[in-house]
Amino acid sequence: AQSMRRLFDAQLNNRIGEIRQRFVNNGLNFDTLETGQQMALLSMYFHSPDLIGEKIIGALKAGNYAAVVDDILHGNNPNNYSGIEERRTIEAALF
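The structure reproduced in this document is the subject of the present report. Predicted model, so just to flag it, every value in this text is computed and none were measured. (Residues numbered from 1 in each chain as written. Predicted model: local features only at pLDDT ≥ 70, side-chain atom pairs only at ≥ 80, totals over all residues. Heavy atoms only, no water.)

Okay, the environment of Ala67 next. By secondary structure assignment, the location of Ala67 is in helix α4 (residues 65–74). Ala67 gets classed as partly exposed once you look at its relative accessible area, which sits at 29%. Taking the C-alpha atoms as reference, Ala67 lies 40 Å from Gln2; in sequence the two are 65 residues apart. (Helix = DSSP H or I, 4+ residues; strand = E, 2+ residues; numbered from the N terminus. Buried < 20%, exposed > 50% of the residue type's maximum accessible area, 1.4 Å probe, protein only.)

On to the pattern of salt bridges, then. Applying the stated criterion to the full structure yields six salt bridges. The residue Asp9 makes a salt bridge to Arg5 at a minimum N-O spacing of 3.1 Å. Remark: Arg5 and Asp9 occur in helix α1 (residues 2–25); sequence separation between them is four residues, near one turn of the helix. Owing to a relative accessible area of 27%, Asp9 belongs among the partly exposed residues under this scheme. Residue class for Arg5 comes out exposed when judged on its relative accessible area of 52%. For Glu91, the salt bridge goes to Arg87, with nearest N and O atoms at 3.2 Å. Of this pair, Glu91 and Arg87 both sit in helix α5 (residues 82–94), separated by four residues, roughly a single helical turn. Relative accessible area serves as the criterion here: at 1%, Glu91 is assigned to the buried category. What makes Arg87 partly exposed here is its relative accessible area of 33%. (Salt bridge = Lys/Arg side-chain N within 4 Å of Asp/Glu carboxyl O.)

Of note, Val69 is situated in helix α4. Once the C-alpha coordinates of Val69 and Ala92 are considered, the two residues, 23 residues apart in sequence, prove to be 5.3 Å apart. Excluding its chain neighbours within four sequence positions, the residues that come into contact with Val69 are Ala92 and Phe95. (Contact = heavy atoms within 4.5 Å.)

In structure tokens form, the structure reads like this:
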């Protein structure tokens, strides 16, 4: 169990570094977001980095947080899987 935890922690730290760099590359600072916002975006990024795409980046640049929430809720589940919908609802609420 400890080795699994170390593996998870290493992967999480890698993803945090990656999302911070993606933000920097787009003129944003991940660390200026509120904790819930960071958690929501990191949750999405951890499972698929492509989920933090142009729509979310553009909305963040514009300060349009409502558009970020809309994309979290409606932009990433084309097959309407209930498990993904539940996860996106939680992530949107965090954001």
